[in-house]
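# Coordinate inspection notes
The lines below spell out each chain.
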Amino acid sequence: MMARFAPALAAVSPALRATIAPLISQHDFAGWLSAAQVKQLMQANDLDEDALCLTLLPLSAAYAVTPLSHFNVGAIARGISGNLYFGANMEFVAAPLQQTVHAEQSAIAHAWLRDEKRLRALTVNYTPCGHCRQFMNELNSGTDLIICLPERAAATLASYLPDAFGPRDLAIHSLLLDEIDHAFAVAAWLDHGLSAASPDDDDPLVSAALAAASRSHAPYSQSHSGVALQAQDGRIYAGRYAENAAFNPSLPPLQTALILMNAAGVYNQQITRAVLAERQNASITQWPATNATLAALGCHEVHHLSLSL
Ligand SMILES: [Zn+2]
């Protein structure tokens, strides 16, 4: 983990390095800082939260996986809990560009998967692209979200996305990061000619995919879905689908699972098996894209589970 951070750490002040290094070098550091840790860093370095987040951006950008662009973007989602969540862009060789994850999406999904209830602000090292501005407009913080960039005054999402189109224009009132649990149940396996047997219903990978689908955000299509990935060390990372009012900026469940895995410092080529759980008879499916992207990452044991209410 420390090797990833070495260039970024070398660039920060010795005082900050002395206070942040013990936190990020812990073996279980997973790309986020608790409110207590944030307070400690602010006090030790005499920085306010805006300044601290700007200083931490290179550490967040150190998570970038950019084999195509080599352009590393780091973002930090700042929750109402006071916790900070790192995010970075991720690209996948041999998969379509539509599978790419932007840093802002990464930080936001990271906060959501750790059950943050609302975001106050987001700090990012480059100006957010149009895709991300639309993605952020799905949040329950709405256009009040504060965007912070280096060498620029903080401004609301409203100023970055004037005349916005969003969930409320479609009479949708369940927003991204709102607490929700659809409590889906296993309906059937839809495994597609796999040589490996379908997992048992009490397999933790199945439970994780089911729980993720139950808490996914799909108010437009009602096609809820979740993905659980098992890494070589046995640990499980589950991701929820995050749908968007403008459809295209929607973030598939595989991507949010990969965000969590990357934040934990586990490379995305280390997936041994995966489960995609989707609502039965849904109008859209994540299956072809999930399967193809996992194949590009070298994972060929992907199970497909159908869910009912
Ligand atoms: Zn973007």
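Because the structure is a prediction, the values reported are computed rather than measured.

Among the secondary structure elements, Ala-211 is positioned in helix α8 (residues 204-214). A residue is classified by how much of its surface remains accessible, and Ala-211, at 43% relative accessible area, is partly exposed. Between the C-alpha atom of Ala-211 and that of Ala-183, which follows or precedes it by 28 residues, the distance is 7.5 Å.

Next up on the list: the UniProt feature "active site" (unreviewed entry) in the chain. Summarizing the sequence annotation, UniProt attributes the feature "active site" (unreviewed entry) to Glu-104 in the numbering used throughout. Residue placement: Glu-104 occurs in helix α5 (residues 103-113). Overall, the relative accessible area of 5% leaves Glu-104 in the buried class. Aside from chain neighbours lying at most four places away, what touches Glu-104 is Ala-75, Leu-122, Val-124, Tyr-126, Pro-128, Cys-129 and Cys-132.

The domain boundaries assigned to the chain delineate domain 1 (31-170) and domain 2 (185-308). Each of domain 1 and domain 2 was reduced to a C-alpha centroid, and the two centroids are 23 Å apart. Of the roughly 2400 Å² buried between domain 1 and domain 2, counting both surfaces, carbon and sulfur atoms make up 64%. The largest per-residue losses of area from domain 1 upon contact with domain 2 belong to Trp-112, Leu-113 and Glu-138, which jointly make up 27% of the total buried on that side. Here domain 1 and domain 2 share two salt bridges between them. Asp-115 serves as the salt-bridge partner of Arg-215, at 3.1 Å between the closest nitrogen and oxygen. At the boundary of domain 1 with domain 2, the tally comes to 13 residue pairs in polar contact (both at pLDDT 80 or more). Contributing elements (two or more residues each) for the side of domain 1 that touches domain 2: α5 and α6 (130-136). Residue contributions to the side of domain 1 that touches domain 2 peak at six residues, all from α5. In terms of residue class, the side of domain 1 that touches domain 2 is made up of 15 nonpolar, eight polar and three charged.

The next subject is the coordination of the zinc ion. With distances of 2.1 to 2.3 Å, the protein atoms coordinating the zinc ion are His-102 (ND1), Cys-129 (SG) and Cys-132 (SG). Linear spacing of the donor residues for the zinc ion on their chain is H-x26-C-x2-C. Assessed through its relative accessible area of 1%, Cys-132 is described here as buried.

The next subject is helix α1 (residues 2-11). Considered for burial, the residues of α1 that qualify are Arg-4, Phe-5, Ala-8 and Leu-9. Across the axial projection of α1, the buried residues extend over an arc of 110°, all falling on one side. α1 presents Ala-3, Pro-7 and Ala-10 as exposed residues on the side facing more than 90 degrees away from its buried surface. Against the buried residues of α1 lie α2 (14-24), α4 (49-61) and α9 (253-263).

Below, the discussion takes up the pairing of strand β8 (residues 225-231). Among the seven residues that make up β8, seven are buried, leaving the element largely enclosed by the rest of the structure. Residues Ser-225, Val-227, Leu-229 and Ala-231 point to one face of β8 and Gly-226, Ala-228 and Gln-230 to the other, with burial holding for every one of them. The pairing of β8 with strand β10 (residues 271-279) spans seven bridges and is antiparallel. From the neighbouring strand, Ala-231 faces β10, where its bridge partner is Ile-271.

On to the packing of aromatic side chains. Tallying each qualifying case throughout the model produces seven aromatic pairs. Between the aromatic rings of Trp-32 and Tyr-85, the centroid separation amounts to 6.1 Å while the plane-to-plane angle is 15°, which identifies the pairing as stacked. Within this pair, whereas Trp-32 is found in strand β1 (residues 32-33), its partner Tyr-85 is found in strand β3 (residues 84-88), the two being separated by 53 residues in sequence. Take Trp-32: its relative accessible area is 29%, and that puts it in the partly exposed class. Overall, the relative accessible area of 1% leaves Tyr-85 in the buried class. Three or more aromatic residues joined by ring pairs form one cluster here, namely Phe-5, Phe-29, Tyr-63 and Phe-86. Lying over the aromatic face of Trp-112, Arg-240 brings its terminal NZ or CZ to 5.0 Å of the ring centre.

As a further point, take the side chain of Asn-244. Looking at where Asn-244 falls in the secondary structure, it is placed in the loop between β9 (236-240) and α9. When residues no more than four places from it in sequence are discounted, the contact partners of Asn-244 are Gln-134, Phe-135, Glu-138, Tyr-220, Pro-249 and Ser-250.

Basis of the calculations
- Residues numbered from 1 in each chain as written.
- Predicted model: local features only at pLDDT ≥ 70, side-chain atom pairs only at ≥ 80, totals over all residues.
- Heavy atoms only, no water.
- Helix = DSSP H or I, 4+ residues; strand = E, 2+ residues; numbered from the N terminus.
- Buried < 20%, exposed > 50% of the residue type's maximum accessible area, 1.4 Å probe, protein only.
- UniProt positions renumbered as here; feature names shortened; annotations may be inferred.
- Contact = heavy atoms within 4.5 Å.
- Domains from an automatic or database assignment.
- Buried area = accessible area lost by both parts, 1.4 Å probe.
- Salt bridge = Lys/Arg side-chain N within 4 Å of Asp/Glu carboxyl O.
- Polar contact = N/O pair within 3.5 Å; in protein donor to acceptor, adjacent residues only side chain to side chain.
- Nonpolar A, V, L, I, M, F, W, Y, C, P; charged D, E, K, R; others polar.
- Donors = N, O, S within 2.8 Å, 3.2 Å for Na, K, Ca; no water.
- Arc of directions from axis to C-beta.
- Pairing = 2+ DSSP bridges.
- Phe/Tyr/Trp six-rings, centres within 6.5 Å; stacked < 30°, edge-to-face > 60°.
- Lys NZ or Arg CZ within 6 Å of the ring centre and 35° of its normal.

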